Amino acid sequence: MEFSDHIKTANVDDVVLRQPLHPPSRGTVCITGHHLLFSDRDEGSSRQVLLLLRNIDAIEKRISGSSGTITIKCKDLRVLHLDIPGMEQCLNIAHSIETLSCLDSVSEMYPFFYRPPDLSLHNQWGLSSPEKHYSQIKELHDKWRLSTVNSDYSLCPSYPPAVIVPKSTDDDLLKKVAKFRQGGRFPVLCYYHRKNGMVIMRSSQPLTGANRKRCREDEHLLQAMIDGSDKGYIIDTRSSQQAQQARLTGGGFESKSSYSHWKRLHRQMERGKALQESLIKLVEACGDESHNMDRWLSKLENSKWLSHVQTALSTAGLLAECVERDGHSVLVHGSEGTDSTLLISTLAQLIMDPCCRTLEGFLALLEREWVQAGHPFQQRCARSAYSHARLQQESPVFLLMLDCVWQVWRQFPLALGFSEALLLRLANEVYASNYGTFLCNSHQERCALGVTENTHCLFQALLRPMERDYYSNPLYEPTELAIWPSVHPQSLQLWRGFFLRWTEHTRLLEEAQEEIRNMVIEWGKLALSDALSMNT
Amino acid sequence: MEHIPTPKVENVRLLDRSSGQRKASTGTLYLSATHTIFVENNPETRKETWVLHSMVSSVERPPTIPAGSQLILRCKDFRVFQILIPQERDCLDVHASLVRLSRPVKYSELYCLSFNPNVNKEEREESWSFIDLMADYKRMGVPNNLWVTTAANSEYRVCDTYPSELFVPKSATPAIIVGSSRFRSRGRFPALSYFHQDTLAAVCRCSQPLSGFSGRCQEDEMMLQAVMKSNPGSDYIYVVDTRPKLNAMANRAAGKGYENEDHYSNIKLQFIGIENIHVMRSSQQKIIDVGEMRAPSMTDFLWGLENSGWLKHIKAILDAGVFISRAVADEGVSVLVHCSDGWDRTAQACSVASILLDPFYRTTKGLMVLIERDWVSFGHKFSHRYAHLDGDPKEVSPVIDQFLECVWQLSEQFPCAFEFNERFLIAVHTHVYSCHFGNFLGNCQKERRDMRLHERSHSVWPQLWKDRAEYANPLYKAELSQTQGVLRPNTTPYCFKMWKGLYNHVEKSTPPRQSPADFLSAVREETQQLEEELTNHQERIAALTGRPITWEKIEVPRRRTSRLRQRHCGPDPPTTYTDPITSPVQDNGHALASETANQKAQTKDPALTLPLGPHGHLKSHDPDDLSTCSDLESGVADLSSRSSSGGDDRKDPDSDEAAFITA
């Protein structure tokens, strides 16, 4: 089906656009296959708004008399109003937006059409891969190997073709282990701690089931992972009760009797629908206009979002403590191993590993731990906080991760090489993007659609000189230390930059950030001219 | 030494709970006439902790435990010290002394009257003339043809809690002033607080009228008419009653109340709803308790915050300021502000309005002037509100705390608009309570004059001014748009946060783990030096080559960090990621006894405090030696290794003792 079939009215003149932080303006609205374009009629100002239809989460239309108003609620939490003359035109526009904003077919999405003049499809795609990761860490090569057992995705459809596993385990063993883990996600290495040689691995839950099935190969694989060490930890992102219950549906956990060298720690993390509902409640609270303090605090509490931030950071802290302070390797999993597992392994790496705190390092971390590791972006980020559609697989795990990183950034303003602007950009891109990076649910799906051949890579684009400058933290001072975030409630704050982004309040804070950047640039200039003049 | 039978106790253990200290240190406790001093035994550090007696708000004596007798010292700056004394007799003595010394019964016992810095008479007098209120009135453009000084109160005869020098509308004759003052609580007649030159509108203040249900007073009506007339651009004034309307109505039964709009032509009455001092006192206690919670969940914390009502009150005060500033700046209408007596909520509302209206009050010196005018000179009852002397506990209330917090909330919303930083606000807060200097002693100007405070004590302002570099906000930019003119804050609830810097105990020592402000101060400092150096070089080059040099085509590099002092505070002492349930339960009775055990648990791998079960045996560190913990080691920035160019010699800003030690 062609896009044009969904567009009955492509252009409407004399439309009034009302949007936050700007005075209303009058102009022309134009709907294309992927965009809503508004351009100011006033020649002098020529203001344009180009909105990716994919960014639209919900629309409401109100007809009164011969004209109508369309309220557009975006996934980046912006709310726009279009006053459109003519009832039919209004309905047509609304219909086009409704249909085009939620087309399911990935290959018809905008990244496949986006062709900016300054980017070439032949450019390098991506920053990191298990192969690259493995080749970068020479220390690994003694005891770990790169296995291509999943090169045809037959063991695990959501894993990349290559994974890092203990050297002492052969591919046949991995095949058996994959059958014993949900979705085939057998334990693989995701982080090597150079200071003490300990590692973080992740997987999905073992399929022990109600009758406590065992898998010798799985036990062997885990034993191989802590080879030489007295014990390892398993951090299960479910409560022990939830883990017990999972057995009834075929899942389960590593029992003490079968995995005697492993110590299980349970941390209950919210996931799935509950997390999505939390986001919806928080966004609703932020839009409350009653000016009532008690109501705000009670809604903020009731949304539980900050509790989820606290839990995520403290579980990540626990993971990092096991590795860094206690000196033991850790296996992380929940049930599917595609959500909270990735969340805490990402945060723990940020806490411990200075390499993950540079702009480039952080993006590479996201690529490894989310894109390559098979976080189902398409399912999780199909809809956001405003949508009226029935919730299915949506869950803002990635957003929660960005929020947690922001908390770390706020507590350690000098330790991260990237700025808040990067986190905000990522929060947008994950829901609606010109780039192909967050398309699909797995490496396999991306390959099938030729994503790397036919779309541009966001992470590469963010590293172009201009962007790099903008997304760098001017205050960055690399430190080799672990950065332990405080999880005390007083130390955690609402991420105003994101949740209140379209308010005056946030604009002032951005101005301050700009001021900081200018000060540091000025200083750099002077330092250089000073040095130069001394040499003359 | 009459109240100090035991001036020295050895083998005392002290735990500074508020700084997040986890292990008590052993040392010797000394009691002097002015301070409690604790000196650590540790020969390497010999750390001293000084607590001014007047800063102690309560001394509790929990039940004796086998290890000895305990005392808990709570301070007015929200520090909490736990003391363990081996002998019960000593403890009783120390307790009795502290109870007595922390509640002086007469002014002469206060520290500022015995505090004798090494300065001569001229310097002392100079210190008092550092802030000149008349100069500030002149700066805002009064006296002029609308507002004039009045001699009516020069001997404090009309109103004993007002200053001797006051500005009133030109048409207000002494008869009107006296008549109006008779119709106002405590004689506090309408007087000028702030004059807005751009619109000619003014902020005036007074106390409630003694109207009862039907009373009226011609002079008072003329007084309000005069206030209106002195603003040629407008034909009415706002009367802002900062109380909840219900409270104002209740006052009518006692012969007080608010202006009857039928009797006063051309006034618009507006109620704001700031609660009274008793509500505020209990609200602050609740938020202090929230700050003291040991391992609250997010739910506990937010619920506690809501339940305290504190931010709601802060918002009400800010809303009052916003209403006044909008009326004056946007509508050009003068405002008369009052509450009951006109010395608490009125002071808050007027001073917040001034901050919003005039950029000068957002500078370091400006804030000093503002506090001197709206608080000190207009008779805010400092000694009663901040319990300088042993007195009625119902008079105590954190009125100025709330004003300082409003300023802090604003500075969070406008990061570039204030010349000073949070530390300055906290320093002012400390001085208001400490009576280290004479500024805040007494309850009104007359009382201070009668005590001859200017001859017997020193002013705090020059002292704070001397340290202004430490109190500077590096982001302050006078020319930035958000800094100029009237501040228009957003008072939506989500703009308010708990003021962690003031209330937080658990993490007080750690929150600015990395402070961008300190970093930027260094950047700013160095930028200035580089500019100077550069000019020097250029001059030399110009002298050598005979032509000026420009540096246009220089590519800007990433800055070179080597030149800058490392400002990392370094990561935290180990934060424990434990569930609230597993964190050590401490009630007062067992606190010290279980301390050592807790110490071990907390300084070791936190995982040890997890429910690991009997098998969960981890490698343990020496609990007393934090350096063995892997994360504190490696690059905790060496604060002493500084570049040659950034040479300020700053004291630890977090150390409250510093000020006292230098004293």
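Residues numbered from 1 in each chain as written. Chains lettered and ligands numbered in written order. Predicted model: local features only at pLDDT ≥ 70, side-chain atom pairs only at ≥ 80, totals over all residues. Heavy atoms only, no water.

## Notes on the overall build of chain A
Stage number 1. When its secondary structure is counted, chain A shows 19 helices and 14 strands.
Stage number 2. Computed over C-alpha atoms, the radius of gyration of chain A comes to 25 Å, within 12% of the 24 Å expected from 2.2 N^0.38 for 536 residues, which places it in the range of a compact globule.
Stage number 3. Principal-axis analysis of the C-alpha atoms places the extent of chain A at approximately 75 × 70 × 55 Å.
Stage number 4. Put simply, chain A has 536 residues, and 64% of those count as buried.
Stage number 5. When the accessible surface of chain A is summed, it comes to about 19800 Å², and 50% of that surface belongs to carbon and sulfur atoms. (Helix = DSSP H or I, 4+ residues; strand = E, 2+ residues; numbered from the N terminus. Rg over C-alpha atoms; globule rule 2.2 N^0.38 Å. Buried < 20%, exposed > 50% of the residue type's maximum accessible area, 1.4 Å probe, protein only. Areas by Shrake-Rupley, 256 points an atom, 1.4 Å probe, with all protein chains shown as cover.)

## What to know about the overall build of chain B
Stage number 1. Along the backbone of chain B there are 22 helices and 14 strands.
Stage number 2. Looking at the 663 residues of chain B, the share that counts as buried comes to 56%.
Stage number 3. In chain B, once contacts between residues fewer than 6 apart in sequence are set aside, the share between residues at least 24 apart is 71%.
Stage number 4. Accessible surface for chain B amounts to roughly 27100 Å². Of this, 50% is attributable to carbon and sulfur atoms. (Contact = heavy atoms within 4.5 Å.)

## Quick look at helix α10 (residues 345-357) of chain B
Stage number 1. For α10(B), spanning 13 residues, the distance from its first C-alpha to its last is 18 Å, which sits close to the expected 18 Å at 1.5 Å a residue.
Stage number 2. Counting buried positions over the 13 residues of α10(B) gives 13, a clear majority of the element. (Expected span 1.5 Å × (residues − 1).)

## Examining the domain arrangement of chain A
Residues and elements named next belong to chain A.
Stage number 1. Looking at chain A, the domain boundaries give domain 1 (3-103) and domain 2 (130-489 + 506-519).
Stage number 2. On a C-alpha basis, the centres of domain 1 and domain 2 stand 36 Å from each other.
Stage number 3. A combined buried area of about 1200 Å² lies between domain 1 and domain 2, and 56% of that area is made up of carbon and sulfur atoms.
Stage number 4. Per-residue buried area on domain 1 facing domain 2 is highest for Asp-57, Lys-75 and Leu-77; these three make up 43% of the total on that side.
Stage number 5. One salt bridge in this structure joins Arg-383 and Asp-57, with 3.9 Å as the shortest N-O distance.
Stage number 6. Summed over the shared surface of domain 1 and domain 2, the number is seven residue pairs in polar contact (both at pLDDT 80 or more).
Stage number 7. Only β5 (56-64) and β6 (67-74) provide two or more residues apiece to the side of domain 1 that touches domain 2.
Stage number 8. When residues of the side of domain 1 that touches domain 2 are assigned to their parent elements, the largest contribution, four residues, is made by β5. (Domains from an automatic or database assignment. Buried area = accessible area lost by both parts, 1.4 Å probe. Salt bridge = Lys/Arg side-chain N within 4 Å of Asp/Glu carboxyl O. Polar contact = N/O pair within 3.5 Å; in protein donor to acceptor, adjacent residues only side chain to side chain.)

## What about the nonpolar core?
Stage number 1. The biggest cluster of nonpolar side chains holds 230 residues, and the ones touching the most others in it are Leu426(A), Phe459(A), Phe499(A) and Phe403(B).
Stage number 2. Here this core gets twelve residues from one element, more than from any other, and that element is helix α9 (residues 310-331) of chain B.
Stage number 3. Look past the residues within four positions of Leu426(A) in its chain and what remains in contact with it is Phe362(A), Leu363(A), Leu366(A), Phe398(A), Leu402(A), Phe438(A), Leu458(A), Phe459(A) and Leu462(A).
Stage number 4. One finds Val163(A), Leu174(A), Val199(A) and Leu222(A) within the second-largest nonpolar core, a separate group that totals 31 residues. (Core = buried A, V, L, I, M, F, W, Y, C linked by side-chain atoms within 4.5 Å.)

## Brief notes about the sheet that holds strand β4 (residues 48-52) of chain B
Residue and element names in this part refer to chain B.
Stage number 1. Judged by pairing direction, the sheet is antiparallel, and its seven strands sit side by side in the order β4-β3-β2-β1-β7-β6-β5 without closing on themselves. Only two strands of the sheet have a single partner each, and these edge strands are β4 and β5 (56-60). Recorded for the sheet is a direction-independent mean angle of 30 degrees between the axes of neighbouring strands.
Stage number 2. Bridge count between strand β2 (residues 25-31) and strand β3 (residues 35-40): five bridges; the pairing is antiparallel. Bridge pairing links Leu-31 to Thr-36 in β3.
Stage number 3. The strands touched by helix α1 (residues 88-101) within the sheet are β1 (8-16), β2, β3, β5, β6 (69-75) and β7 (80-85), with β6 carrying the most contacts at an inclination of about 20 degrees. (Pairing = 2+ DSSP bridges. Axes fitted to C-alpha atoms, helices over the stretch in contact; angles between N-to-C directions.)

## Regarding unusual backbone geometry
Stage number 1. With an omega of 0 degrees, the peptide bond between Val142(B) and Pro143(B) qualifies as cis.
Stage number 2. Along the polypeptide, Pro143(B) turns up in the loop between α3 (133-139) and β8 (147-150).
Stage number 3. In this structure, Asp14(A) takes a positive phi of about 60 degrees despite not being glycine.
Stage number 4. Its location among the elements puts Asp14(A) in strand β1 (residues 11-18).
Stage number 5. The phi angle at Ala387(B) is positive, at roughly 50 degrees, despite the residue not being glycine.
Stage number 6. Within the secondary structure layout, Ala387(B) lies in the loop between α12 (382-385) and α13 (399-413).

## Focus: the UniProt feature "binding site: substrate" (unreviewed entry) in chain B
Residues and elements named next belong to chain B.
Stage number 1. Taken from the UniProt record, the annotation "binding site: substrate" (unreviewed entry) applies to Asn-276, Ile-277, Cys-339, Ser-340, Asp-341, Gly-342, Trp-343, Asp-344 and Arg-345. These residues run over 70 residues, yet every pair of their C-alpha atoms falls within 12.4 Å of each other.
Stage number 2. With a relative accessible area of 23%, Asn-276 lands in the partly exposed category.
Stage number 3. For Asn-276, the side chain forms a polar contact with the main-chain nitrogen of His-278, separated by 3.1 Å.
Stage number 4. The class for Trp-343 is buried, based on a relative accessible area of 3%.
Stage number 5. If we ignore the near neighbours within four places in the chain, the residues touching Trp-343 are Thr-161, Arg-186, Arg-188, Arg-205, Gly-379, His-380, Lys-381 and Arg-385. (UniProt positions renumbered as here; feature names shortened; annotations may be inferred.)

## What to know about the domain arrangement of chain B
All names here are of chain B.
Stage number 1. When the domains of chain B are assigned, the result is domain 1 (8-103) and domain 2 (133-503).
Stage number 2. One C-alpha centre belongs to domain 1, the other to domain 2; they are set 37 Å apart.
Stage number 3. Counting residues at the interface gives ten residues for domain 1, matched by 15 residues for domain 2.
Stage number 4. For the domain 1 face of the interface with domain 2, the top three residues by lost area are Lys-76, Phe-78 and Arg-103, together amounting to 57%.

## Considering the sheet that holds strand β2 (residues 25-31) of chain A
Strand pairing in a sheet is mediated by backbone hydrogen bonds. Such pairs are either parallel or antiparallel.
All names here are of chain A.
Stage number 1. Spatially, seven strands are ordered β4-β3-β2-β1-β7-β6-β5 in an open sheet, and the strand pairing comes out antiparallel. Two strands lie at the open edges of the sheet, namely β4 (48-52) and β5, each paired on one side alone. Each strand of the sheet is rotated relative to its neighbour by a mean of 30 degrees, with strand direction disregarded.
Stage number 2. Sheet topology note: the β6/strand β7 (residues 79-85) ladder contains seven bridges and is antiparallel. Each bridged residue has a counterpart across the sheet, and for Thr-71 the counterpart in β7 is His-81.
Stage number 3. Contacting β1, β2, β3 (35-40), β5, β6 and β7, helix α1 (residues 87-100) crosses the sheet at an angle of about 165 degrees to β5.

## Section: the UniProt feature "domain: Myotubularin phosphatase" (unreviewed entry) in chain A
Stage number 1. Sequence positions flagged by UniProt for "domain: Myotubularin phosphatase" (unreviewed entry) are, in local numbering, residues 124-499 of chain A.
Stage number 2. Strand forms 9% of residues 124-499 of chain A and helix 44%; the C-alpha atoms that close the span are 34 Å apart.

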